[in-house]
Amino acid sequence: MKNKGSKLIIVSAPSGCGKGTIMKAVFNDSDVFYSVSCTTRPPRPEDTDGVTYHFLTVEEFEEKIAEGEFLEYAKYSENYYGTPKTPVEKNMAEGRDVILEIETQGAFQVKELRPDAVSLFILPPSVAELDRRLHKRGTEDEKTIKKRVSQAAGEIAKADRYDYVIMNDDLDAAIADFRAVIDGIKGDTEPAVRFSPENEEVKKMIEEVLKNA
Ligand code: 5GP
């Protein structure tokens, strides 16, 4: 029987926003399904095939596109990324909330297909801070970092199309805000409308982050 309560939750954040840390803290031991995406980007040292991503060749990825196996897919930084459809449908049918950690193009595709999906964007405190965090992480070369930062600015400019927007300035505060949004989405509390981009404060926050980008 389909559980009416299961939610499809889209989370987008430019790399370096601390998305992983926030999500781990909030969903620690809850029974949510994290969708494992397919990608054609090369694995990083912290990646495990089948756990962080399913790593595919371009041919394999394009075959899956042709077979209609993706709920959404996009090209980002010259690599394909896509959400396998079957595990999402199966877990939702089993009553689990499903989390998609995807970039903006994919997020908008999912919203088109599934208007019941709820989307959340995590902002960095500023584009300059994002640049600093990416340098500190040290997993990408200078050229890639530059590209990621300009891509991030482009994504942040679309944050006002999400249902909720929070900022990771202070980690504990971001975790509390994320939790408030999720509790609202699940109906445990009233919707956390203070994080809606229809709120003037949130609009201003997005503009501030983009300053000097
Ligand atoms: P990274 O290469 O840093 O792991 O991810 C780059 C971007 O791709 C991130 O914004 C991440 O959220 C996004 N991404 C990961 N999986 C998917 C997916 O299945 N579909 C889409 N559209 N984006 C994804």
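Residues numbered from 1 in each chain as written. Predicted model: local features only at pLDDT ≥ 70, side-chain atom pairs only at ≥ 80, totals over all residues. Heavy atoms only, no water.

**Q** Describe the overall build of the protein chain, and please don't skip the residues or the numbers.
**A** A tally of regular secondary structure across the protein chain gives eight helices and nine strands. The C-alpha radius of gyration computed for the protein chain amounts to 17 Å, which stays within 12% of the reference 17 Å derived for 213 residues, consistent with globular compactness. Taken along the three principal axes of its C-alpha coordinates, the protein chain extends 45 × 45 × 30 Å. Counting only residues that meet the buried cut, the protein chain has 47% of its 213 residues in that class. Total accessible area computed for the protein chain in this model is approximately 11300 Å², and 50% of it derives from carbon and sulfur atoms. Across the protein chain, the mean location of the 30 positive side-chain charges is 1 Å away from that of the 40 negative side-chain charges. (Helix = DSSP H or I, 4+ residues; strand = E, 2+ residues; numbered from the N terminus. Rg over C-alpha atoms; globule rule 2.2 N^0.38 Å. Buried < 20%, exposed > 50% of the residue type's maximum accessible area, 1.4 Å probe, protein only. Areas by Shrake-Rupley, 256 points an atom, 1.4 Å probe, with all protein chains shown as cover. Lys, Arg positive; Asp, Glu negative; His and termini not counted. Charge placed at Lys NZ, Arg CZ, Asp CG, Glu CD.)

**Q** Give a detailed account of the nonpolar core, specifying residues and quantitative values.
**A** Counting 27 residues, the largest nonpolar core has Leu8, Leu100, Val110 and Leu123 as its most contacted members. Membership of the second largest hydrophobic core comes to 26 residues, among which are Val11, Val26, Ala174 and Phe195. (Core = buried A, V, L, I, M, F, W, Y, C linked by side-chain atoms within 4.5 Å.)

**Q** For the sheet that holds strand β6 (residues 79-84), give the residues involved together with the corresponding values.
**A** Ordered by their spatial adjacency, four strands build an open sheet running β4-β3-β6-β5, and the pairing between neighbours is mixed. Single-partner strands in this sheet number two, and they are β4 (53-55) and β5 (70-76). On average, each strand axis in the sheet is inclined to that of its neighbour by 25°, with strand direction left out of account. Examined bridge by bridge, strand β3 (residues 37-39) and β6 share two bridges and lie antiparallel to one another. The residue bridging Cys38 from the neighbouring strand is Gly82, located in β6. Running over the sheet, helix α3 (residues 85-93) touches β5 and β6 and is turned about 30° from β6. (Pairing = 2+ DSSP bridges. Axes fitted to C-alpha atoms, helices over the stretch in contact; angles between N-to-C directions. Contact = heavy atoms within 4.5 Å.)

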